[in-house]
Amino acid sequence: MDLLKYIFSLSLVLISVSFCFGQEENLYAPKEEKVPLVLKGIKLGVNVGRFTDFQFKPERFSYEASLDFNLSNKYYGIIEAGYSEIDLKKENYNYSSEGNFYKIGMDYNMLKKQPSDYLGMGFRIGRADFTQSANNILIEDDHWPSFTTAIDSKSYNMYWLEVSFGLKGELFKNVYLGWAAMVKIRMTGGKDAAFQAYDIPGFGKGESSINLGANYYIYYQIPFNRNK
Amino acid sequence: MKSINYIILIILVTVSVYSCSDDQCNADTDALLKTELLVLDTNLTSIKYLANLSVYSPEWTDSIHYSEEGSKNILNFNLSPISDTTEIVITSLNAALNDTLFIYSRRELLFLSPECGFVTTFTIDTILNSTNYIDSLKIITKNISTEKDGSIKIYF
């Protein structure tokens, strides 16, 4: 399953890379001109990578969308939000969780000569609010009788910092394909020494302080102010 | 531009390696009470009290025999995952009487990992014992987890 996941990742990355870099070699301008920041467009995006959960992470159902405010093709204000639920059925327990996550941050475009595309780095501050519970917990022992128990729903929130590196390119007019790899660093919250979350919405593995991830977005750019 | 491709490749390889995991529970899931049995009474040593010693709980259908599962004066067993009171009977083939331990503890369910599921950990509050052969009992380590066993010493 992991192999399939990374073949899928690799092919999406290769498509993005070839599509963004196949056109021109010299993408960097020798000197940077100072221009006032102007809102040049808003992109609405959907993380299509999450639609592959049914194949690669069948216990998870999630979705994620983003708003991307283009400031003079140089800086992009980013708002992302999503929902995630886990329904994990194992031989000796059932685990479920659900929650929302929100991210706010900024991307910096390193491309100077292709203003409609993006290659750059960014950061996000993320917050997740989620609940988790478990039932049919089977406790077995060589001598003591087996029994089943449950843990009632508990609520949590957590914050993390995210640093990303990514690409966005215009596939068709006003339609963009984007890919980003990110490092997510736990800041505070979301910990429970006895009942550590399996998967924290938007952050990933609950037991980890640092998670790596990748997003695959399709964006629609609301066509206004584009040529200014 | 080549350097960007290298960066992407490094990130992908890192993500792949970092995400690799199997679905097997490879962790230790036992949270045991290590019981050291120190037989100092010469009357008991003469009847090979320890060699023939067994422990059981009235809730068990079997016993743990020192001759089979014990060594170096130590016998391990789990506290009750169902109750905060664990009753353990200590018996020996050549001894006329038994001794009983009542171990009072607090239990906590711990989500060990997605692969292993849940285990029960304990904190011993107190232990009461009969004194047919037991002289004294000492709690050495009261917290019992999968990472560290609890420990008591029983002097006969």
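What you are looking at is a predicted structure, and each value in this text was computed from that prediction instead of being measured.

Caption draft 1: Molecular detail of the layout of surface pockets. When its volume is computed, the second largest pocket comes out at roughly 650 Å³. The wall of the second largest pocket is formed by 28 residues, among which Glu140(A), Asp141(A), Thr29(B), Asp30(B) and Val119(B) lie closest to the centre. Secondary-structure elements contributing two or more residues to the lining of the second largest pocket are β5 (118-139) of chain A together with β4 (74-77) and β7 (117-129) of chain B. With four residues, the top contributor of residues to the lining of the second largest pocket is β7(B).

Caption draft 2: Region of the structure containing the side chain of Ser62(A). Residues and elements named next belong to chain A. Summarising the element assignment, Ser62 is placed in strand β2 (residues 60-71). At 2.9 Å, the side chain of Ser62 and the side chain of Arg50 are in polar contact. Apart from residues lying up to four places away in sequence, Ser62 is in contact with Arg50, Asp53, Tyr83 and Ser84.

Caption draft 3: Quick peek at the pattern of salt bridges. Residue and element names in this part refer to chain A. Within this structure, the stated rule accounts for 15 salt bridges over all chains. Residue Arg124 pairs with Glu80 through a salt bridge whose shortest N-O separation is 3.4 Å. Placement of the pair is Arg124 in strand β5 and Glu80 in strand β3 (residues 75-89), with a sequence separation of 44 residues. Accessibility expressed as a relative area gives 6% for Arg124, which makes it buried. For Glu80, a relative accessible area of 4% gives the class buried.

Caption draft 4: Representation of the pairing of β2(A) in the model. Residues and elements named next belong to chain A. Covered by surrounding structure in β2 are Arg60, Ser62, Glu64, Ser66, Asp68 and Asn70 only, the residues Phe61, Tyr63, Ala65, Leu67, Phe69 and Leu71 on the alternate face being uncovered. In this structure, strand β1 (residues 39-47) lies alongside β2, joined through seven bridges in antiparallel fashion. Residue Val46 lies in a different strand from β2, and its bridge partner there is Ala65. Taking the residues between adjacent antiparallel strands as the criterion, β2 and β3 are bridged by three residues, where Ser72 takes a positive phi near 55°.

Caption draft 5: Focus on the state of the cysteines. All names here are of chain B. For the structure on display, the rule yields one disulfide over all chains. Between the sulfur of Cys25 and that of Cys116 lies a disulfide, 1.9 Å long from S to S. On the sign convention where negative is left-handed, the bridge of Cys25 and Cys116, at about 95° about the S-S bond, is right-handed. Highlighted residues: Cys25 in the loop between α1 (2-19) and β1 (33-38) and Cys116 in the loop between β6 (99-113) and β7, separated in sequence by 91 residues. Assessed through its relative accessible area of 8%, Cys116 is described here as buried.

Caption draft 6: The arrangement of the nonpolar core in detail. Residues Tyr49(B), Leu53(B), Phe77(B), Ile90(B), Ile103(B) and Phe156(B) are the most contacted members of the largest nonpolar core, which totals 30 residues. Mapped by element, the contributors of at least two residues to this core are β1, β2 (53-56), β4, β5 (85-92), β6, β7 and β10 (150-155) of chain B. It is β7(B) that contributes the most residues to this core, three residues altogether. Apart from the residues within four sequence positions on either side, Ile90(B) is in contact with Tyr49(B), Leu53(B), Ser54(B), Val55(B), Asn98(B), Asp99(B), Leu101(B), Ile134(B), Ile154(B) and Phe156(B). Membership of the second largest hydrophobic core comes to 22 residues, among which are Leu88(A), Ala128(A), Ile151(A) and Ala197(A).

Caption draft 7: Seen up close, the sheet that holds strand β8 (residues 136-141) of chain B. All names here are of chain B. Spatial strand order, β4-β1-β10-β8: four strands in an open sheet with mixed pairing. Strands at the two margins of the open sheet, each flanked by one partner only, are β4 and β8. Between one strand axis and the next, the sheet turns by 20° as a mean value, whatever way the strands run. Summarising the sheet, β1 and β4 pair through four bridges and their orientation is antiparallel. Note that in β4 the partner of Lys34 across the bridge is Asn76.

How each quantity is defined
- Every chain's residues receive numbers from 1 upward, in the order its sequence appears when written.
- Naming scheme: in the order in which they are written, chains are lettered from A and ligands are numbered from 1.
- Only residues with pLDDT of at least 70 are given local features in this predicted model, and only at 80 or more are side-chain atom pairs given and counted; all residues enter the totals for whole chains, interfaces and linings.
- Side-chain measures here rest on the full set of heavy atoms in the structure, leaving out hydrogens and waters.
- In this analysis, the protein atoms alone were mapped onto a 1 Å grid. Cavities are point sets where a 1.4 Å probe fits without being able to get out; pockets are open sets with protein on both sides within 12 Å along at least five of seven lines; lining residues have an atom within 4 Å of a point.
- Grid points are joined across faces, edges and corners, and a volume is the space filled by probe spheres set on the points.
- Secondary structure counts use DSSP, requiring at least four H or I residues in a row for a helix and at least two E residues in a row for a strand, with both numbered from the N terminus.
- Two N or O atoms count as a polar contact when they lie within 3.5 Å, although within protein this holds only if one can serve as hydrogen donor and the other as acceptor, and sequence-adjacent residues are included solely when both atoms are side-chain atoms.
- Every residue pair with non-hydrogen atoms within 4.5 Å of one another is taken to be in contact.
- Each salt bridge in this description consists of a side-chain nitrogen of Lys or Arg and a carboxyl oxygen of Asp or Glu lying within 4 Å of one another.
- For each residue, the accessible area found with a 1.4 Å probe, counting protein chains only, is set against the maximum for its type, and the residue is called buried under 20%, exposed over 50%, and partly exposed in between.
- Strands are treated as partners if at least two bridges between them are detected by DSSP.
- Any two cysteine sulfur atoms within 2.5 Å of one another count as a disulfide.
- Take the buried Ala, Val, Leu, Ile, Met, Phe, Trp, Tyr and Cys residues and link them wherever side-chain atoms come within 4.5 Å; each set so joined is a nonpolar core.
- Helix axes use the C-alpha atoms of the stretch in contact, all axes being lines fitted to C-alpha atoms, and the angles between their N-to-C directions lie in the range 0 to 180 degrees.

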